[in-house]
Amino acid sequence: MYGNDFGPGSDTPLNATETPDYTDALQEYFDGLIADDSRIEPRDAMPDGYRATLIRQIAQHAHSEIIGMQPEGNFITRAPSLRRKAILMAKVQDEAGHGLYLYSAAETLGVDRSELLDKLHNGKQKYSSIFNYPTLTWADMGTIGWLVDGAAIMNQVPLCRCSYGPYARAMIRVCKEESFHQRQGYEILWTLSKGTVEQQAMLQDAANRWWWPALMMFGPPDSGDAATDGHTAQNMAWGIKRFSNDDLRQKFVDMTVPQAIKLGITLPDPDLRWDEERGHWDFGEIDWDEFWRVIKGDGPCNAQRMALRVGSHEDGAWVREAAVAYADKVAARESAGAVA
Ligand code: BYC
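Criteria and cut-off values
Residues numbered from 1 in each chain as written. Predicted model: local features only at pLDDT ≥ 70, side-chain atom pairs only at ≥ 80, totals over all residues. Heavy atoms only, no water. Buried < 20%, exposed > 50% of the residue type's maximum accessible area, 1.4 Å probe, protein only. Helix = DSSP H or I, 4+ residues; strand = E, 2+ residues; numbered from the N terminus. Arc of directions from axis to C-beta. Contact = heavy atoms within 4.5 Å. Polar contact = N/O pair within 3.5 Å; in protein donor to acceptor, adjacent residues only side chain to side chain. Core = buried A, V, L, I, M, F, W, Y, C linked by side-chain atoms within 4.5 Å. Phe/Tyr/Trp six-rings, centres within 6.5 Å; stacked < 30°, edge-to-face > 60°. Lys NZ or Arg CZ within 6 Å of the ring centre and 35° of its normal.

J.: Quick one: what's the story with helix α11 (residues 288-298), residue by residue and with numbers?
T.: Helical periodicity: at 3.6 residues per turn, an α-helix aligns residues three or four positions apart in one direction. Trp288, Phe291 and Val294 are the residues of α11 that are buried. End-on, the buried residues of α11 take up no more than an arc of 120 degrees, which puts them together on one face. Away from its buried face, by an angle of more than 90 degrees, α11 presents the exposed residues Asp289, Lys296 and Asp298. Where α11 is buried, its residues meet α8 (197-216), α10 (245-263) and α12 (302-315). If you check the start of α11, you find a side-chain oxygen 3.1 Å away from the backbone N of aspartate 289, and it comes from aspartate 287.

J.: Before we move on, could you go through the environment of alanine 233 and cite the residues and values that matter?
T.: Mapped onto the elements of the fold, alanine 233 is located in helix α9 (residues 232-237). As for alanine 233 and leucine 189, which are separated by 44 residues in sequence, their C-alpha atoms are 37 Å apart.

J.: Report on the nonpolar core, specifying residues and quantitative values.
T.: Ranked by internal contacts, the top residues of the largest apolar core, which has 79 residues, are Tyr50, Ile58, Trp146, Tyr164, Tyr167 and Phe252. Each residue touching tyrosine 167, except ones within four places of it in the same chain, is listed here: Leu54, Gln57, Ile58, His61, Leu102, Ala105, Leu159 and Cys162.

J.: Summarise the packing of aromatic side chains; cite the residues concerned and give the values.
T.: The final tally for this structure, using the stated rule, is 10 aromatic pairs. Pairing tryptophan 274 with tryptophan 281 gives two aromatic rings, centres 5.7 Å apart and planes at 65 degrees, and the pair type is edge-to-face. By the ring-pair criterion, three or more aromatic residues cluster together here, those being Phe30, Tyr50 and Trp238. Between arginine 78 and the ring centre of phenylalanine 75, over which it is positioned, the NZ or CZ distance is 4.2 Å. When the ring centre of phenylalanine 243 is taken as reference, the NZ or CZ atom of lysine 251 above it lies at 4.6 Å.

Given below as structure tokens:
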């Protein structure tokens, strides 16, 4: 370990532009923090690959939050009551807030958020597959809360213990809010389940459409072979991922099936059955061709989502310019000693 020469409490910043040559000693310091299950902070030395995978994942997560505002934003004007409308607006605003925490967390790794947004807009960075599916009825608002936020919580609670401090801390607040989102979704569905035959049918239809895409949110299946396992093996060794994709997916299925039973609906999987021996719900094959098609840009709503995102960004250019001009003006006045 390196005492106070760098790392937490040090005066020597070690960020993307200032990191000296990455030596064995720095690697040893980093490995020590990971082995102790301590948090890596922005000024700590870190391997380039660790920094790069965090930027990739946090940016993808931030992009998912802001693109994820679209499918539900679509229903703010169509919510069935003032109360439902106020709750939905608050939820969609929360997603914008999550995007902001996450872009800020990514910036601590030495990237600029405008660079990340450019990469989203030109297709070099991804966002979650789930937001490329359409929202057709009010029941979709409940189902997104129940299944999409439910899957997000399952994936994000372990990220509160992620080895990178700023990401882990952002996740704590995000998870508290996601938990409210999940409850509000389930409550919408609970109300529909007690409603008319048409409302019950609307609930069943939404569950049928969102079930498989929600299972895909956890990412491709584990291959069990580090060489072909995407980012999983390395990210688990770095303490970024705490569970594999398939483990989280199974936990999600186990949590969700009893909730579906309570709602009085079926899930669209003939292979779904309780396995006494495993103590888990077995489920059928996921259509991974569909998953890869969707993340490569060929889902039902990819083009629509990106067009709205890029258009909104362009429409907001004057706000960003005004904010920067104001900040520059304040800085100039401060340096001239004009501000008390
Ligand atoms: N969609 O090796 P893998 C929300 C990509 S928003 C698209 O397992 P990793 C909400 C993956 O990026 C919450 N791409 O990767 C908002 C990689 O490709 P690249 C969103 C996916 O990173 C509004 C390749 O497949 N949550 O809750 O170890 C309203 C191989 O995958 C997906 C997060 O972002 C996918 N579903 O694990 C309501 C959580 N899955 O990058 C709700 C943070 C995989 O090499 N992210 N890919 O080209 C993570 O935990 C991880 O990044 C993942 C994937 C588990 C998603």
